[in-house]
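Structural features, examined
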Number of protein chains: 2
Amino acid sequence: VRPKGSPPADENRLIQLLQRRSPFESSILIKGIGDDTAVIRPKRTDEFWLITTDMLVENVDFRREWYTPRQLGRKSIAVNLSDLAAMGGRPRFYTVSLAVPRGISERWMLEFHEGLAERGKPAGAHLIGGDLSRSGKHIAISISALGESLNRKVIYRSGGKAGDLVYVTGRLGRSAAGLHLLQNGRRRAGSRFQKMALQAHRDPEPRCAAGLWLAQSGLAHSMMDISDGLSMDLPRLCAASRVGAEVWVSSLPVFRESAMWGCNPVELALHGGEDYELLFTVPSSKRSRLEQNYPDSLPPVTQIGKLSADAGRVWMIRPDQTRFPLPPRGYDHFAQECARELG
Amino acid sequence: VRPKGSPPADENRLIQLLQRRSPFESSILIKGIGDDTAVIRPKRTDEFWLITTDMLVENVDFRREWYTPRQLGRKSIAVNLSDLAAMGGRPRFYTVSLAVPRGISERWMLEFHEGLAERGKPAGAHLIGGDLSRSGKHIAISISALGESLNRKVIYRSGGKAGDLVYVTGRLGRSAAGLHLLQNGRRRAGSRFQKMALQAHRDPEPRCAAGLWLAQSGLAHSMMDISDGLSMDLPRLCAASRVGAEVWVSSLPVFRESAMWGCNPVELALHGGEDYELLFTVPSSKRSRLEQNYPDSLPPVTQIGKLSADAGRVWMIRPDQTRFPLPPRGYDHFAQECARELG
């Protein structure tokens, strides 16, 4: 049943509306929305182009009632911008595939696209194509984003070496604390900290500027974003770099305030997903350069441990120096599906 | 319930398997599957890059029981290759977002990816990234494909002029005839013609070589692919070119044999979707060059009408020269959702 007042959306009309709202012009964009493909013309440089894609499925990755369409748009693009940030890239373009069930109005779709633009444009990313379709019952969103390197400086997961220092941006576990609040029926913040948690979950801020700085400075030798939780993602970085790691529990920049709502802040920092912070490594010889030069305007970075030669092993170090292996309990869609699936 | 013998798929493991199966190397591909983004390095030329995306949703765009996973993979990438073909582009790379419910085995996913590669590789397109996730109940597939121009020759929808001749490749309505068979429970062909129809629907062949030839020859001045039916797509080309068109009913290359199964071949040619043939226009001054030079090895092309100065009007011309406006009844996901939705 279509809500009253929402006319049936016409695909051609929607595309025209979106075209008119995205009158972006760039010397490298030849053709945006409205043809069979978008057309770009990379400049005659040796820059790299970065391509990433992510899908969000209703009732698996989000619940519709937890988000305004605008928030959902902002988050959908943020997730992709975070991947570009994790390579040190500059966002440039994106395409959106959106499948919606009946009952989703044209207004909903336009607000969703406004959310995309709100997050995308300031980061430098512009919509250049997409696909609108019906779905049976649930919303599915798939975005592909393209970024460009600057001075060919791209940071891979694989650049870590034993002895490198391991850092993260921001705080870990805020998004999972926000999810905890939502799952317990709290959609409006009752305090400043609840607001921080809800915002981290519903409207994460991709670390584009930090990623770019870390790449341009030459200080980060490996980097990725934390989307599935530190316990899932750090082992991925270690595997790509063929090293192990030690993480100091007491150094984790946890979201302490979540304890007020019955959460374990350390558990959320280790296993909570969707923080979209950056995880990166810096050779110890460059530590002081990082500490002296890292701009105050960017989200703070915290050293949480170091890489080891013990390939594939990730150890947690307690304050008393005892250690335990970090069990991967983050959000792997397949292996860990029971852990956090919202269905 | 997971089918017996299918172990729970692990995302990391699947990605590793896919990496090993796609050991593609190219001087412009710096990093494929396995990092936050793929990295490409366009050569120092002025070529254009083409980007397209399409989403297929179970029970809207396809029924699972009508396809082997391999066929579904082949069709999913074919739809995107068709968009690149429609611009005259050369396919290069693609990413896949795949959301699957429980009950879909790792084997299913691997076979799906094999289908992608079967259609992608011969066309020059290689998998460079993706996202695997759970869905609630239905499969959702979103593919983004990147192509490259050759000698900067890209054909847009907007290049048509009044007086240009309108052509299509192949035959129209075969795919809709195949859908008709499937909807009537016929999944295995009982005759050569049923096989043609089922194949057109389940395993469409993107017209990459024809699109490239038409662009390189300089003969096609506007082009698009027919994915939603001629009655939806020709008006789109006309709108982009700010012209009208006349289509001669008797010239349509219909799939006559569908009449044996109770279909109206002309109706299917006009309004059936998913043919993935090319629709293009050629100035009348170039007609003889097209007729003399178009290679026999490519799917035959047929003139079906011409563009007119009557902007926005698409007329059907009967053999007795009477005319009627072409009503758009193809597959618009939103305006025409009842017409062909499979739900």
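Quantities reported herein were computed from a predicted structural model and do not represent experimental measurements.

For chain A, the helix and strand inventory stands at 10 helices and 13 strands. Here chain A, with 343 residues, has 61% of them falling under the buried criterion. Expressed as a percentage of contacts within chain A between residues at least 6 apart in sequence, the contacts between residues at least 24 apart total 83%. A total of about 13300 Å² of accessible surface is found on chain A, and carbon and sulfur atoms cover 47% of it.

Here we come to the packing of helix 4 (residues 174-183) of chain B against helix 5 (residues 192-202) of chain B. Residue and element names in this part refer to chain B. The interhelical angle for the contact between helix 4 and helix 5, taken along N-to-C directions, is 100 degrees, at an axis separation of 7 Å. As far as their axial angle goes, helix 5 and helix 4 are roughly perpendicular. Mapping the contact onto sequence places Arg174, Ser175, Ala177, Gly178, Leu179, Leu181 and Leu182 in helix 4 and Gln194, Met196, Ala197, Leu198, Ala200, His201 and Arg202 in helix 5. Residues that form the contact of helix 4 with helix 5 fall into these classes: 8 nonpolar, 4 polar and 2 charged.

Another point: unusual backbone geometry. Residue and element names in this part refer to chain A. Despite not being glycine, tyrosine 276 shows a phi value in the positive range, around 55 degrees. Tracing the backbone through its elements, the reader meets tyrosine 276 in the loop between helix 8 (265-271) and strand 10 (277-282). Judged by its relative accessible area of 6%, tyrosine 276 falls in the buried class.

Let us now look at the interface of chain B and chain A. Many authors give the size of an interface as the accessible area that is lost as the parts come together. On the chain A side, the residues contacting the 70 residues of chain B number 70 residues. Summed over both partners, the interface of chain B with chain A buries about 6100 Å², with 53% contributed by carbon and sulfur atoms. If you look at where chain B meets chain A, you find 0 salt bridges. One can count 6 residue pairs in polar contact (both at pLDDT 80 or more) joining chain B with chain A. Looking at the side of chain B that touches chain A element by element, the count peaks at 8 residues for strand 3 (residues 49-57) of chain B.

Residues and elements named next belong to chain A. Considering all chains together, one arrives at 30 salt bridges over all chains under this definition. A salt bridge links arginine 74 to glutamate 118, with the nearest nitrogen and oxygen atoms 2.8 Å apart. In this pair, arginine 74 sits in helix 2 (residues 69-87) while glutamate 118 sits in helix 3 (residues 106-123), placing the two residues 44 residues apart along the sequence. Between aspartate 228 and arginine 236 there is a salt bridge whose closest N-O contact spans 2.8 Å. Of the two residues examined, aspartate 228 and arginine 236, each falls in the buried class. A cluster of three or more residues bridged by salt bridges with shared partners is formed by Arg70, Arg74, Glu114, Glu118, Arg119 and Asp203.

Here we come to the sheet that holds strand 2 (residues 38-40) of chain A. Strands in a sheet are paired, the pairing made by backbone hydrogen bonds, and the direction either parallel or antiparallel. The 6 strands are arranged 1(A)-2(A)-3(B)-6(B)-4(B)-5(B) in an open sheet whose pairing can be described as mixed. At either end of the open sheet lies a strand with only one pairing partner, and these are strand 1 (29-31) of chain A together with strand 5 (126-134) of chain B. Sheet twist, expressed as the mean angle between neighbouring strand axes with direction ignored, is 20 degrees. Pairing of strand 2 of chain A with strand 3 of chain B involves 3 bridges; the strand directions are antiparallel. Bridging from a neighbouring strand, A:Ala38 pairs with B:Ile51 of strand 3 of chain B. On the sheet, helix 2 (residues 69-87) of chain B packs against strand 2 of chain A together with strand 3, strand 4 (90-100) and strand 6 (140-148) of chain B and is oriented at approximately 145 degrees with respect to strand 3 of chain B. Strands strand 4, strand 5 and strand 6 of chain B of the sheet are contacted by helix 3 (residues 106-123) of chain B, whose axis makes an angle of about 165 degrees with strand 4 of chain B.

Take the sheet that holds strand 2 (residues 38-40) of chain B next. In spatial order, the strands read 5(A)-4(A)-6(A)-3(A)-2(B)-1(B); together these 6 strands make up an open sheet with mixed pairing. On the outer flanks of this sheet lie strand 5 (126-134) of chain A together with strand 1 (29-31) of chain B, each paired with one strand and no other. For this sheet, the mean inter-axis angle between neighbouring strands, taken without regard to orientation, is 20 degrees. Where strand 1 of chain B lies against strand 2 of chain B, 2 bridges are found, and the strand directions are antiparallel. Bridge pairing in strand 2 of chain B links B:Leu29 to B:Ile40.

Of the transformation superimposing chain B on chain A, the axial component is 0.0 Å and the angular component is 180 degrees, with the fit at an RMSD of 0.0 Å. Within this description, the copies of the chain are treated as partners about a two-fold rotation axis. Closest approach to the rotation axis within chain B is made by the C-alpha atom of B:Arg44, at a distance of 2.6 Å. A shared binding surface is used by both copies, with 100% of the interface residues of chain B retained as interface residues in chain A.

Time to look at the packing of aromatic side chains. Residue and element names in this part refer to chain A. In this structure the tally under the stated criterion is 12 aromatic pairs over all chains. An angle of 0 degrees between the planes, with centres 6.2 Å apart, marks the rings of tryptophan 49 and phenylalanine 93 as stacked. Taken together, the positions of tryptophan 49 in strand 3 (residues 49-57) and phenylalanine 93 in strand 4 (residues 90-100) put the pair 44 residues apart, joining distant regions of the chain. Assessed through its relative accessible area of 1%, phenylalanine 93 is described here as buried.

To continue, consider the pairing of strand 9 (residues 244-248) of chain A. Residue and element names in this part refer to chain A. The element strand 9 is largely enclosed, with a buried count of 4 among its 5 residues. Where strand 9 lies against strand 11 (residues 301-308), 4 bridges are found, and the strand directions are antiparallel. Bridge assignment links valine 247 to a residue of strand 11, and that residue is glycine 305. Sheet topology places strand 9 next to strand 12 (residues 314-317); 4 bridges connect them, and they run parallel. Residue pairing across strands places valine 247 opposite methionine 316, the latter belonging to strand 12.

Here we take up helix 4 (residues 174-183) of chain A. Residue and element names in this part refer to chain A. For helix 4, the tally of buried residues reaches 7 of 10 residues, placing the bulk of the element in the interior. Buried within helix 4 are the following residues: Ser175, Ala176, Ala177, Gly178, Leu179, Leu181 and Leu182. A positive backbone phi angle near 85 degrees is found at glycine 185, which sits one or two residues after helix 4.

Glancing now at helix 2 of chain B. Structural remark: α-helix, 3.6 residues per turn; residues separated by three or four positions point the same way. Residue and element names in this part refer to chain B. For helix 2, which comprises 19 residues, the first-to-last C-alpha distance of 28 Å matches the rise-based estimate of 27 Å (1.5 Å per residue) to within 8%. The buried fraction of helix 2 is high, at 17 of 19 residues. Looking one or two residues past helix 2, glycine 88 carries a phi angle of roughly 80 degrees, positive in sign.

Two faces belong to every sheet, and in a regular strand the side chains alternate between them. Residues and elements named next belong to chain A. Within strand 7 (residues 165-169), 5 of the 5 residues are buried, leaving the element largely enclosed by the surrounding structure. Judged by which residues are buried, strand 7 turns out to be covered on both faces: Leu165, Tyr167 and Thr169 on one side and Val166 and Val168 on the other are all buried. The pairing of strand 7 with strand 10 spans 4 bridges and is antiparallel. Across the sheet, residue valine 166 finds its bridge partner in strand 10, namely threonine 281. Note: strand 7 against strand 11, 5 bridges, orientation antiparallel. Each residue of the ladder has a partner; that of threonine 169, found in strand 11, is valine 301.

About the thresholds
Residues numbered from 1 in each chain as written. Chains lettered and ligands numbered in written order. Predicted model: local features only at pLDDT ≥ 70, side-chain atom pairs only at ≥ 80, totals over all residues. Heavy atoms only, no water. Helix = DSSP H or I, 4+ residues; strand = E, 2+ residues; numbered from the N terminus. Buried < 20%, exposed > 50% of the residue type's maximum accessible area, 1.4 Å probe, protein only. Contact = heavy atoms within 4.5 Å. Areas by Shrake-Rupley, 256 points an atom, 1.4 Å probe, with all protein chains shown as cover. Axes fitted to C-alpha atoms, helices over the stretch in contact; angles between N-to-C directions. Parallel < 35°, antiparallel > 145°, perpendicular 65-115°, else oblique. Nonpolar A, V, L, I, M, F, W, Y, C, P; charged D, E, K, R; others polar. Buried area = accessible area lost by both parts, 1.4 Å probe. Salt bridge = Lys/Arg side-chain N within 4 Å of Asp/Glu carboxyl O. Polar contact = N/O pair within 3.5 Å; in protein donor to acceptor, adjacent residues only side chain to side chain. Pairing = 2+ DSSP bridges. Least-squares fit on C-alpha atoms with pLDDT ≥ 70 in both. Phe/Tyr/Trp six-rings, centres within 6.5 Å; stacked < 30°, edge-to-face > 60°. Expected span 1.5 Å × (residues − 1).

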